[in-house]
Amino acid sequence: MTRRLRSQDWFDNPDHIDLAALYLERFMNYGLTPEELQAGRPIIGIAQSGSDLSPCNRHHLELAVRVKEGIRDAGGIPIEFPMHPIFENCRRPTAALDRNLAYLGLVEILFGYPLDGVVLTTGCDKTTPAALMAASTVDIPAIVLSGGPMLDSHSRGELTGSGTVVWRCRQQYAAGEITREEFLQAALDSAPSVGHCNTMGTASTMNAMAEALGMSLTGCAAIPAAYRERGQMAYRTGRRAVELVHEDLRPSMILTRAAFLNAIRVNSALGGSTNAQPHLSAMANHAGVKLDPQDWQVHGHDIPLLADVQPAGRFLGERFHRAGGVPAIMHELLSAGQLDGTCMTVTGTTVGENLRDRVASDREVIRPFEEPLKERAGFQVLTGNLFDFAIMKTSVISDEFRSRYLSTPGREGQFEGRVVVFDGAEDYHARINDPSLNIDDHSILVIRGAGPLGWPGSAEVVNMQPPDALIRAGITSLPTIGDGRQSGTSASPSIVHASPESAAGGGLSWLRTGDIIRIDLAAGRCDALVSDAEIVARKAGGVPAVPESQTPWQRIYRREVRPLSEGAGLASAEGIRGIGSGVPRHNH
């Protein structure tokens, strides 16, 4: 017996001919026929994340044509609809607010409209987790189509990675090595084509995570946006979306704990963004998967760095794709016994079957597991009297940073420093060059008020640069700590995502400029050397003030949001999943 499709409850419901007529008639006004909608053909939504407000995803407006053709050729009916736009670079106060907002909107669309499956178009950082969070909540057949990175970019004869070049140029500008015009031109040079960041920033990382989780076709994530293969992948994704409906292969069958642990390991091997931690944690929560903060340490820390891609390495996305991309990285991990090859994927086959013969073709870009760029390149999980959880990206610890801070004989991996505390980015920019702060090469810069409650949304501000005077003296980085995030394109080994955050009464709220912090990476500890009695006295003074909510959504967000350690999702959304197995009430 043929399984009855979800959309048939709208369009082919013999018990409610009046309602079927109501649902059908307005789709006629642009040329669809009742025969199409009543034929029992899968109706596939295309969640369109591209728009003029989302330039990194804008080419999905054209790719959707190929998706539709794939859906049609496989016997389905495509219906395209917009997602809430998310653009990392320009959304203020931070695009972190929009991940949860886009999630909520997409859940309502996937649940409340006559859709049997969906193609999730992703690209810019938070479009991927927002889409996959919603797909898990509703749990109808879903597949990710990444938009792909920009072509490799060059400036003044050098590879110029998007995002990464800005952090490098701001140091050069502070040192007086480049002019304002040269700074701006280098940044403009880093965006040579359609697509998202061509570095292994958060965009490339999260699309790689979608593939590692099994939610996109093998090889999808790294194809540059401008390549012909991107359009071909769009067509194949559309075809596969229809097949997923016929097979009733849903996200809940793919997004298992084993799949998430695979993703953590792949992130380490890629030198992926620290933003992967809250995004994967939020996605796991919505999938009903228990992902403990320590999983990043237990399952990811000892994985070696295999991808020589900026910011942890040298190359960019175009050459990474040509070297074999995400499948080649996963092949190395699988061959070394570091992946679960039995996990199911949207291909209808397992991870292990998908990775047959996916050996890297360029060993300069993708290293063998036995010959990595760095050993143990995953996130270091830290705890202490300042926070219960924070992470540090170890793949970007430079030789110079390690020599200066982590190589004291007899105390390897440990360092102490006097802290200078800033209340938000405005305070940092206003005072970083104040000589009275006495910032030297062993100071630790701390920023608070940057978490989900404090900003609100959590901002990418922890990768603070030293004062201009230190940069001119050759000190290009200092240890930094914060309750916010940092850009995935940053090469700073910051300690980020400190939870609880200062606005929730976490330890950074009582920290003072002049305190000494001891960091012990071997023990996974970060502690302020302040007496318990003094801490109690300081806590009595309350937490630093945070800006007022400026919009209704900011107010709702602050009331609902979880800490970064738990993914910064919405408390009231927890436990709601699998709702697509039913249908909503009729509207008349």
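Just so we're clear, the structure is a prediction, and the values are computed from it rather than from any experiment.

### Focus: the overall build of the protein chain
Counting its regular elements, the protein chain contains 21 helices and 14 strands. Its C-alpha atoms give the protein chain a radius of gyration of 24 Å, near enough to 25 Å, the size a compact globule of 588 residues would have. Dimensions of the protein chain along its principal axes, counting C-alpha atoms only, are 75 × 55 × 45 Å. By residue count, 59% of the 588 residues in the protein chain fall in the buried class. Long-range contacts, defined here as pairs at least 24 residues apart, represent 76% of the contacts in the protein chain between residues at least 6 apart.

### Looking at helix H11 (residues 257–270)
Compared with an ideal rise of 1.5 Å per residue, which puts 14 residues at 20 Å, H11 spans 20 Å between its outermost C-alpha atoms and is within 8% of the ideal. In terms of residue burial, H11 counts as a mostly covered element, since 12 of its 14 residues are buried.

### Focus: the environment of Ser153
The residue Ser153 is located in the loop between strand S4 (142–146) and strand S5 (154–155) in this model. On the accessibility criterion, Ser153 (0% relative accessible area) is buried. In this structure, the C-alpha to C-alpha distance between Ser153 and Leu316, residues 163 residues apart in sequence, is 8.1 Å. Apart from the residues lying within four places of it in its own chain, the contact partners of Ser153 are Glu158, Leu159, Thr160, Gly161, Ser162, Asp189, Ser190, Pro192, Asn198 and Leu316. For Ser153, the side chain forms a polar contact with the main-chain oxygen of Ser190, separated by 3.4 Å.

### Concerning the layout of surface pockets
Sizing a probe to match a water molecule and rolling it over the atoms shows the empty space that remains. Its boundaries defined by the atoms lining it, the second largest pocket holds a volume of some 710 Å³. Lining the second largest pocket are 30 residues, with Pro311, Val396, Ser398, Ala491 and Ser492 positioned closest to its centre. Where the lining of the second largest pocket is concerned, the elements lending two or more residues are helix H7 (164–174) and helix H17 (399–405). A total of 5 residues in the lining of the second largest pocket trace back to one element, the largest contributor, which is H7. Considered class by class, the residues forming the lining of the second largest pocket number 11 nonpolar, 12 polar and 7 charged.

### Remarks on the nonpolar core
With 163 residues, the main nonpolar core has Leu120, Phe260, Phe320, Ile481, Leu511 and Ile517 as its most contacted residues. No other element matches H11, which puts 8 residues into this core. What Ile517 contacts, discounting residues up to four positions off in sequence, is Leu386, Phe415, Glu416, Gly417, Val419, Ile444, Val446, Ile481, Leu511, Cys526, Asp527 and Ala528.

### Points about the sheet that holds strand S2 (residues 77–82)
Strand order in the open sheet made by the 4 strands is S2-S1-S3-S4, with parallel pairing throughout. At either end of the open sheet lies a strand with only one pairing partner, and these are S2 and S4. Taking each pair of neighbouring strands and ignoring which way they run, the sheet shows an average axis angle of 25°. Bridge count between strand S1 (residues 43–48) and strand S3 (residues 117–122): 4 bridges; the pairing is parallel. Bridge pairing in S3 links Ile46 to Val119. Here helix H5 (residues 96–112) sits on the sheet in contact with S1, S2 and S3, set at roughly 150° to S2. Taken strand by strand, helix H10 (residues 228–247) contacts S1, S3 and S4, and its axis lies near 175° from that of S4.

### Overview of the packing of aromatic side chains
Any pair of aromatic rings gets described here by the distance separating the centres and the angle formed by the planes. Inspection of every chain in the model, using the stated rule, returns 7 aromatic pairs. When the centroid spacing of 5.6 Å and the interplanar angle of 90° are considered together, the rings of Phe11 and Phe27 count as edge-to-face. With Phe11 in helix H1 (residues 8–11) and Phe27 in the loop between helix H2 (17–25) and helix H3 (34–37), the pair connects residues that are 16 residues apart, well separated along the chain. Seen from their ring centres, Tyr405 and Phe415 are 5.5 Å apart, and the 45° between their planes marks the pair as tilted. Highlighted residues: Tyr405 in helix H17 and Phe415 in strand S9 (residues 414–423), separated in sequence by 10 residues. The exposure classification of Tyr405 matches that of Phe415, with both residues buried. Among the aromatic residues, ring-to-ring pairing joins Phe401, Tyr405 and Phe415 into one connected group. The residue whose ring lies beneath Arg319 is Phe315, and the NZ or CZ to ring-centre distance is 4.3 Å.

### What to know about the pattern of salt bridges
In total, this model carries 30 salt bridges according to the counting rule given. Across the salt bridge formed by Glu332 and Arg363, the nearest N and O atoms sit 2.7 Å from each other. Here Glu332 is found in helix H15 (residues 325–335), whereas its partner Arg363 is found in the loop between helix H16 (351–354) and strand S7 (379–382), with 31 residues between them in sequence. Under the relative-accessibility criterion, Glu332 is labelled buried at 8%. Each of Asp308, Arg314, Arg319, Asp362 and Glu364 takes part in salt bridges that share partners, so that together they form one network.

Reading guide: rules and limits
- Residues numbered from 1 in each chain as written.
- Predicted model: local features only at pLDDT ≥ 70, side-chain atom pairs only at ≥ 80, totals over all residues.
- Heavy atoms only, no water.
- Helix = DSSP H or I, 4+ residues; strand = E, 2+ residues; numbered from the N terminus.
- Rg over C-alpha atoms; globule rule 2.2 N^0.38 Å.
- Buried < 20%, exposed > 50% of the residue type's maximum accessible area, 1.4 Å probe, protein only.
- Contact = heavy atoms within 4.5 Å.
- Expected span 1.5 Å × (residues − 1).
- Polar contact = N/O pair within 3.5 Å; in protein donor to acceptor, adjacent residues only side chain to side chain.
- 1 Å grid on protein atoms, 1.4 Å probe; cavity = no way out; pocket = protein on both sides within 12 Å on 5 of 7 lines; lining within 4 Å.
- Points joined across faces, edges and corners; volume = space filled by probe spheres on them.
- Nonpolar A, V, L, I, M, F, W, Y, C, P; charged D, E, K, R; others polar.
- Core = buried A, V, L, I, M, F, W, Y, C linked by side-chain atoms within 4.5 Å.
- Pairing = 2+ DSSP bridges.
- Axes fitted to C-alpha atoms, helices over the stretch in contact; angles between N-to-C directions.
- Phe/Tyr/Trp six-rings, centres within 6.5 Å; stacked < 30°, edge-to-face > 60°.
- Lys NZ or Arg CZ within 6 Å of the ring centre and 35° of its normal.
- Salt bridge = Lys/Arg side-chain N within 4 Å of Asp/Glu carboxyl O.

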